[in-house]
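Chains, contacts and geometry: an overview
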Amino acid sequence: MPSLNISFTEDELEAVRAAAAAEGKSLKQYVHDLPLREQQRLQFVRYAVAWGEQHRGEFDEAFANEVPPHPQDRQRVEAA
């Protein structure tokens, strides 16, 4: 199985060890899981943003008094 050597300063390594201990994981398991968790987080954010965009009209209608100005409208106001 492929492996990876990662260099840390003493302070960085201590912080990573503390984070691993806080999650009840070994240092190896914690560092292994980090990129996988980041991949899942990014996927969640992409889906959440897409869902929000799909339902923007519904929210704008339901909260008409709270709709922020469109970025292009802000630029027009600032240019005036």
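1. Brief notes about the overall build of the protein
A tally of helices and strands in the protein yields four helices and zero strands. Reading the protein from its N terminus to its C terminus gives the helix and strand order α-α-α-α. Expressed as a percentage of the 80 residues in the protein, the buried residues total 8%. Counting every atom, the protein has about 7,400 Å² of accessible surface; 56% of that belongs to carbon and sulfur.

2. Details of the environment of Lys25
Assignment of secondary structure puts Lys25 in the loop between helix H1 (10-22) and helix H2 (27-54). Here Lys25 is in contact with Ala20, Tyr30, Asp33 and Arg37, once residues within four sequence places are set aside.

3. Notes on the pattern of salt bridges
In this structure the tally under the stated criterion is five salt bridges. Between Glu23 and Lys25 there is a salt bridge whose closest N-O contact spans 3.6 Å. A salt bridge links Glu23 to Arg37; the shortest N-O distance between them is 2.9 Å. In this pair, Glu23 sits in the loop between H1 and H2 while Arg37 sits in helix H2, placing the two residues 14 residues apart along the sequence. The exposure class of Glu23 is partly exposed, given its relative accessible area of 38%.

4. Some points on the confidence of the model for the protein
Detailed reading of the predicted coordinates is not advisable wherever pLDDT is low. With 89% of its residues at a pLDDT of 70 or more, the protein shows a mean pLDDT of 89. Put simply, helix H4 (residues 71-79) is where the protein has its lowest mean pLDDT, 60, and H1 is where it has its highest, 98.

About the thresholds
The written sequence of each chain sets the order in which its residues are numbered from 1. Only residues with pLDDT of at least 70 get local features here, since the model is predicted, and only at 80 or more are side-chain atom pairs given and counted; chain-wide, interface and lining totals rely on the full set of residues. To obtain the side-chain values, all non-hydrogen atoms of the structure were included, while hydrogens and water were left out. Under the scheme used here, helices are H or I runs from DSSP no shorter than 4 residues and strands are E runs no shorter than 2 residues, and both carry numbers assigned from the N terminus. Whether a residue is buried, partly exposed or exposed follows from its accessible area with a 1.4 Å probe, protein chains only, as a fraction of its type maximum: under 20%, in between, or over 50%, in that order. Residue exposure ignores everything except the shown protein chains as possible cover, and the areas themselves are Shrake-Rupley values with a 1.4 Å probe. Two residues form a contact once any of their heavy atoms are found within 4.5 Å. The term salt bridge refers to a pairing of a side-chain nitrogen on Lys or Arg with a carboxyl oxygen on Asp or Glu at a separation within 4 Å. Each residue carries a pLDDT value, the predictor's own confidence for that position, ranging from 0 to 100.

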